[in-house]
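What follows is each chain in one-letter form.
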Amino acid sequence: MTSIKEQAAISRLLSFLQEWDKAGSVGRKNILERFIKLNSGKTGPELEQEFSQGASLFLMRLTTWLRLTYMNGTCLEKLLKSIGIFLSAVSCNRYLVEFLEVGGALTLLEILGLEQINDVEKKEAILLLKMIVSCGRKYKELICESYGVRSIAEFMAKSKSEEALEEVQSLLDSLVHGNPKYQHQVYKGLIALMPCNSPKAQQLALQTLRVAQSIVGQVHPTIVEFLLGTLRTMHLEVQYEAIELIKDLINTEIRTNLLQGLVDLLKPSAKDISKFQPKILEDPSVFQVSAHLPVFLQQAAAAKAIGILARGSMAIAEELLHMRVINNLIYAMGNQDHSNGQRLASLTLEYFVQTFPVVEEHVHKALGDTLFNLFMSNAEELYINMDSIQADILVSNKIDISNALGVITSKFSLSMWNEWEDFKSDDEIDEEGETAKKDVPQV
């Protein structure tokens, strides 16, 4: 027989469930508000005590109402928060299983794709997905098998809420860790996000991609095109993350493609300049700038990235010289439509001139005495002191140091060989001396 207290508790539970069943949208909204206020942060046993061991009955009603009304968005934010109280409850995995058995994960993913639902409500759906994947590998695989990566990535590309985007980044980071079966799927989803129109999404995708790349290991070949494409951005935080990823990838199998791609960006083709014009530049209410601005931003970012890479590694600097980087840097210095690109190209060229005498010699010949002296006196401000005729000289330069590099390499190799021979001879003398000492009888 049940005690009087147990009977009273059961009676309260039945009364509560009847109130929910009979209530309309407004009444249920009030019930949800009370439930959230009174039960946030409770553990599984505490929820069971609150509902007289019948908490699952209320969770079932919440998930049923979610399935029926999520397309209309009726009290959706509070409904998802209430479900989150159950899913986050400590010491009770049963609630999660019950939610998933009725298709809860699929519903959450469908919510992300509905245009009529706002980002605040979608953020709550993301939080529930985070609770699900935090419970282990099999739940991560369940989300991925339900085309979750695609739904999450598409929401990330379209969302305008920075808070929601940061939660999505955290979710994708969780999905790429401890998920060997589908980690490549997450990795490819992050690559696909790089061309999106949201600067915040680009920034967060690039950050997460650096982590994903270290986990996946093998580099996907399409990453080069998408990564170099992000350098067209006007947002420095995106450019920073792109260059950091380039630095990570420079020691992988795509090193040559990355370096050659950066060098090519310094000298955009006429096709590249004409094919891209953002819609904002067509708006008569917006101050009109060069229609080629994205390409020039990319040119400037490439000059900056090349400078960073060359200063960080002599081997990379020498490799860039064989890719005609000097010719293209001088070309970029003559682009009077984008002063920052001129400045960055000058600073990068300055490093090569100061590091390699052969570069200094050929650049001096290409620029002439007057322009070269201006360059050497203050490379950063050369674009200010340069006239249009001098800019034309830079753009039309035909400098080619590839033959000279071969000669220098041979001389360097010979010098190193001579030093090695001298060092080896000294060692042989020392060894002979040691041998002679050994032959002397010890007294």
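Since the structure is predicted, the reported quantities are computational estimates derived from the model, not experimental observations.

With respect to the overall build of the protein chain
Here comes step 1: What the protein chain contains, in helices and strands, is 25 helices and zero strands.
Here comes step 2: A total of 443 residues make up the protein chain; the buried ones form 45% of that total.
Here comes step 3: By element, 53% of the accessible surface of the protein chain is carried by carbon and sulfur atoms, the whole surface being about 23200 Å².

Side note on the nonpolar core
Here comes step 1: Membership of the largest hydrophobic core comes to 136 residues, with the highest contact counts inside it found for I223, I326 and F352.
Here comes step 2: Among the elements that line this core, the one with the most residues is helix 18 (residues 293-312), at eight residues.

Re helix 1 (residues 4-22)
Here comes step 1: Here helix 1 contains 19 residues, and its C-alpha end-to-end distance of 27 Å stays within 8% of the 27 Å for a straight helix at 1.5 Å per residue.
Here comes step 2: Looking at helix 1, one finds that the buried residues are A9, L13, F16, L17 and W20. Buried residues of helix 1, viewed axially, fall in a sector of 95°; they line one side. Every exposed residue of helix 1 that faces more than 90 degrees away from the buried side is listed here: I4 and K22.
Here comes step 3: The inward-facing, buried residues of helix 1 contact helix 2 (25-39) and helix 4 (55-69).

Let's talk about the pattern of salt bridges
Here comes step 1: Using the criterion set out here, one finds 20 salt bridges in the structure.
Here comes step 2: Here K130 makes a salt bridge to E167, at a shortest N to O gap of 2.7 Å. Of this pair, K130 sits in helix 8 (residues 119-133) while E167 sits in helix 11 (residues 162-176), placing them 37 residues apart in sequence.
Here comes step 3: You can call E167 partly exposed: its relative accessible area is 22%.
Here comes step 4: Measuring nitrogen to oxygen at the nearest pair gives 3.6 Å for the salt bridge that ties E361 to K365. One end of the pair, E361, and the other, K365, are both in helix 22 (residues 357-377), four residues apart, so they sit about a helical turn from each other.
Here comes step 5: Residue classification places E361 among the partly exposed residues on the basis of a relative accessible area of 42%.

What about the side chain of K122?
Here comes step 1: Turning to its location among the elements, K122 is positioned in helix 8.
Here comes step 2: Here K122 is buried and forms no salt bridge, its nearest opposite-charge partner D119 lying at an N-O distance of 4.9 Å.
Here comes step 3: Beyond its immediate stretch of four places on either side in the chain, K122 contacts I111, L112, L114, E115, I117 and F155.

Examining helix 20 (residues 325-333)
Here comes step 1: Across the nine residues that make up helix 20, a large majority, nine, are buried.
Here comes step 2: Looking at helix 20, one finds that the buried residues are V325, I326, N327, N328, L329, I330, Y331, A332 and M333.

Here's the deal with the confidence of the model for the protein chain
Here comes step 1: Averaged over every residue, the pLDDT of the protein chain is 87; residues scoring 70 or more account for 86%.
Here comes step 2: In the model, residues 275-289 has pLDDT below 50 throughout and makes 12 contacts with residues more than four positions away in sequence or in other chains.
Here comes step 3: Confidence drops under a pLDDT of 50 for residues 431-443, and excluding neighbours within four residues, the segment shows one contact in the predicted structure.

Thoughts on the packing of aromatic side chains
Here comes step 1: Applying the stated criterion across every chain yields a total of 13 aromatic pairs.
Here comes step 2: With 6.3 Å between their ring centres and 20° between their planes, F352 and F356 make a pair best called stacked. Across the pair, F356 and F352 agree in class, each one buried.
Here comes step 3: Taken together, the aromatic side chains of F16, W20, F35, F51, F58, W65, F86 and Y95 make up a single cluster linked through ring pairs.
Here comes step 4: A cation over an aromatic ring shows up here: R28 above the ring of W65, its NZ or CZ 5.2 Å from the ring centre.

Observations concerning the packing of helix 4 against helix 6 (residues 94-101)
In helix packing, the relevant descriptors are the interaxial angle and the interaxial distance, both defined with respect to the helix axes.
Here comes step 1: In the contact formed by helix 4 and helix 6, the axes pass within 10 Å of each other and the chain directions differ by 30°. Our classification of the angle between helix 4 and helix 6 gives roughly parallel. Crossing geometry of helix 4 relative to helix 6 is assigned as right-handed. Here helix 4 contributes A55, S56, L59, T63 and L66 to the contact with helix 6, which in turn contributes R94, Y95, E98 and F99.
Here comes step 2: For the contact of helix 4 with helix 6, the class distribution of residues is five nonpolar, two polar and two charged.

Considerations on empty space enclosed by the protein
Here comes step 1: Per the counting criterion, the structure on display carries one cavity of 30 Å³ or more.
Here comes step 2: Of the pockets and cavities examined, the largest cavity occupies roughly 70 Å³.
Here comes step 3: If you go around the largest cavity, the residues you meet are L321, H322, R324, V325, I326, N327, I399, D400, I401 and S402.
Here comes step 4: Counting residues per element, the lining of the largest cavity draws most heavily on helix 20, which supplies three residues.
Here comes step 5: Grouping the constituent residues of the lining of the largest cavity by class yields five nonpolar, three polar and two charged.

What about unusual backbone geometry?
Here comes step 1: The backbone of C75 sits at a positive phi, close to 50°, despite the residue not being glycine.
Here comes step 2: As for its placement among the helices and strands, C75 is situated in the loop between helix 4 and helix 5 (76-87).
Here comes step 3: Notably, Y147 is not glycine yet its phi reads approximately 60°, a positive angle.
Here comes step 4: Structurally, the position occupied by Y147 is in the loop between helix 9 (137-145) and helix 10 (148-158).

Quick word on the packing of helix 2 against helix 5
Here comes step 1: It is the contact of helix 2 with helix 5, at a shortest axis distance of 10 Å, that shows an interaxial angle of 35°. When the axes of helix 2 and helix 5 are compared, the crossing they make is left-handed. For the pair helix 2 and helix 5, the contacting residues are K29, L32, E33, F35, I36 and N39 in the first and K78, L79, K81, S82, I85 and F86 in the second.

Calculation notes
- Residues numbered from 1 in each chain as written.
- Predicted model: local features only at pLDDT ≥ 70, side-chain atom pairs only at ≥ 80, totals over all residues.
- Heavy atoms only, no water.
- Helix = DSSP H or I, 4+ residues; strand = E, 2+ residues; numbered from the N terminus.
- Buried < 20%, exposed > 50% of the residue type's maximum accessible area, 1.4 Å probe, protein only.
- Areas by Shrake-Rupley, 256 points an atom, 1.4 Å probe, with all protein chains shown as cover.
- Core = buried A, V, L, I, M, F, W, Y, C linked by side-chain atoms within 4.5 Å.
- Expected span 1.5 Å × (residues − 1).
- Arc of directions from axis to C-beta.
- Contact = heavy atoms within 4.5 Å.
- Salt bridge = Lys/Arg side-chain N within 4 Å of Asp/Glu carboxyl O.
- Lys, Arg positive; Asp, Glu negative; His and termini not counted.
- pLDDT = per-residue confidence, 0-100.
- Phe/Tyr/Trp six-rings, centres within 6.5 Å; stacked < 30°, edge-to-face > 60°.
- Lys NZ or Arg CZ within 6 Å of the ring centre and 35° of its normal.
- Axes fitted to C-alpha atoms, helices over the stretch in contact; angles between N-to-C directions.
- Parallel < 35°, antiparallel > 145°, perpendicular 65-115°, else oblique.
- Left-handed = near helix turned anticlockwise from the far one by under 90°.
- Nonpolar A, V, L, I, M, F, W, Y, C, P; charged D, E, K, R; others polar.
- 1 Å grid on protein atoms, 1.4 Å probe; cavity = no way out; pocket = protein on both sides within 12 Å on 5 of 7 lines; lining within 4 Å.
- Points joined across faces, edges and corners; volume = space filled by probe spheres on them.

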